[in-house]
Amino acid sequence: MNNNMVTRQEMKKNKIIDATLKCIYEHGIENLSLRSIAKEAEINQSDINYYFKSKENLLTEFMFSLFKRYISDITRRFKESDPPEKKLQALFKAGINFAAKQKKLFVVFIDCWSLCMRSPHLQQIFWKYHKKQYKNVSDILEKYVGEEVLNDVQKDTLTVLIISFFAGMGILRYASKKPFDSKRYSEEFRKKIFS
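Quick caveat: nothing in here was measured; it's all calculated off a predicted structure.

*Asks:* How do you make sense of the packing of aromatic side chains when you look at a structure like this?
*Replies:* Aromatic rings in a pair are described by how distant their centres are and how their planes are angled relative to each other. Counted by the stated rule, this structure contains four aromatic pairs. Judged by centre distance (4.9 Å) and plane angle (80 degrees), the rings of Tyr-50 and Tyr-51 are edge-to-face. Among the residues examined, Tyr-51 registers a relative accessible area of 19% and is labelled buried. Where Phe-165 meets Phe-189, the ring centres are 4.1 Å apart and the plane angle is 5 degrees; that geometry is what we call stacked.

Structural data, given as structure tokens:
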């Protein structure tokens, strides 16, 4: 198979993934159908079956893409050689950005999260990708262990708190439909956790 064929296949798969994102955002994951995705992507439904074999496989690859975007948004903000303070700042900026500025991505993420809690197979997939996110946050915090920077909070607990904080902040932001100062809440959270 030549490179042009691989590229066209990847482009078509990405088009289907993007259409899936839009369909979930506009209609919810409960109303997601291969027909609606095909219509949004302007392709035949048989193309989706060809590339993904099933709706469950499509959702698996879609979730991988969703997590990859989020993790990439965190890791592209710093270099491995950056000091822990800069990495932590990048982590908080990525969390604020995700919760405050990427409404479509955030809403779809929460919708997929709820579906995964009801599907044992998708729950395993979600957990696999969630562990990557957890590891990124944990690795950043590892640099602080023993430096008396954390206010008596264990690294594992703090990792869960940070992930939960941004998820919760996003949910409150979109549920309230009122102005929401993400930066203020983020700064207050940082002050409570770090010396």
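*Asks:* Explain helix α7 (residues 120–142) to me, please; I cannot follow it from the model alone.
*Replies:* Note: α-helices contain 3.6 residues per turn, so residues at a spacing of three or four share the same orientation. The terminal C-alpha atoms of α7, which comprises 23 residues, lie 31 Å apart, in line with the 33 Å expected from a rise of 1.5 Å per residue. Listed in full, the buried residues belonging to α7 are Leu-122, Ile-125, Phe-126, Tyr-129, His-130, Gln-133, Asn-136, Val-137, Ser-138, Ile-140 and Leu-141.

*Asks:* What exactly am I supposed to notice about the pattern of salt bridges here?
*Replies:* When the charged atoms of two side chains with opposite charge come close together, those side chains can pair. Tallied over the full model, the rule gives seven salt bridges. For Glu-30, the salt bridge identified is with Arg-118, shortest N-O distance 2.1 Å. Here Arg-118 lies in the loop between α6 (103–116) and α7 and Glu-30 lies in the loop between α1 (3–27) and α2 (34–41), a separation of 88 residues in the sequence. For the salt bridge of Asp-139 with Lys-135, the shortest nitrogen-to-oxygen distance reads 2.7 Å.

*Asks:* Is there a simple way to explain the packing of α2 against helix α3 (residues 45–52) in this structure?
*Replies:* Any two packed helices are characterised by the angle at which their axes cross and by the distance between the axes. At a minimum axis separation of 8 Å, α2 and α3 run at an interaxial angle of 105 degrees. With respect to each other, α2 and α3 are oriented roughly perpendicular. Within the contact between the two elements, α2 uses Leu-34, Arg-35, Ile-37 and Ala-38 and α3 uses Gln-45, Ile-48 and Asn-49.

*Asks:* How do you make sense of the packing of α7 against helix α8 (residues 155–176) when you look at a structure like this?
*Replies:* Direction vectors running N to C along α7 and α8 enclose 120 degrees, while the axes themselves pass 9 Å from each other. Between α7 and α8, the angle falls in the class oblique. Viewed along their axes, α7 and α8 form a crossing whose handedness is right-handed. From α7, His-130, Gln-133, Tyr-134, Val-137, Ser-138, Leu-141 and Glu-142 reach across to α8, where they touch Lys-155, Asp-156, Leu-158, Thr-159, Val-160, Ile-162 and Ile-163. For the contact of α7 with α8, the class distribution of residues is seven nonpolar, four polar and three charged.

*Asks:* Please explain a nonpolar patch on the surface as it appears in this structure.
*Replies:* On the surface, Trp-113, Met-117 and Ile-171 cluster together into a nonpolar patch covering about 270 Å² of accessible area. Here Trp-113 shows up in helix α6. The partly exposed category is assigned to Trp-113, whose relative accessible area is 31%.

*Asks:* I would appreciate a short explanation of the side chain of Asp-47 in the present structure.
*Replies:* Relative to the helices and strands, Asp-47 resides in helix α3. With relative accessibility at 18%, the residue Asp-47 sits in the buried group. In this structure Asp-47 touches Lys-12 and Ile-16, once residues within four positions along its chain are discounted.

*Asks:* Explain the state of the cysteines to me, please; I cannot follow it from the model alone.
*Replies:* Here is the idea: a disulfide is a covalent bond, and it sits between the sulfur atoms of two cysteines. A full pass over the atoms with the stated rule returns zero disulfides. Of the cysteine sulfurs around Cys-23, a residue in no disulfide, the closest is that of Cys-112, at 12 Å.

Criteria and thresholds
- Residues numbered from 1 in each chain as written.
- Predicted model: local features only at pLDDT ≥ 70, side-chain atom pairs only at ≥ 80, totals over all residues.
- Heavy atoms only, no water.
- Phe/Tyr/Trp six-rings, centres within 6.5 Å; stacked < 30°, edge-to-face > 60°.
- Buried < 20%, exposed > 50% of the residue type's maximum accessible area, 1.4 Å probe, protein only.
- Helix = DSSP H or I, 4+ residues; strand = E, 2+ residues; numbered from the N terminus.
- Expected span 1.5 Å × (residues − 1).
- Salt bridge = Lys/Arg side-chain N within 4 Å of Asp/Glu carboxyl O.
- Axes fitted to C-alpha atoms, helices over the stretch in contact; angles between N-to-C directions.
- Parallel < 35°, antiparallel > 145°, perpendicular 65-115°, else oblique.
- Contact = heavy atoms within 4.5 Å.
- Left-handed = near helix turned anticlockwise from the far one by under 90°.
- Nonpolar A, V, L, I, M, F, W, Y, C, P; charged D, E, K, R; others polar.
- Patch = residues over 30% accessible without salt bridge, like charges linked within 9 Å, V, L, I, M, F, W, Y side chains within 5 Å.
- Areas by Shrake-Rupley, 256 points an atom, 1.4 Å probe, with all protein chains shown as cover.
- Disulfide = S-S within 2.5 Å.

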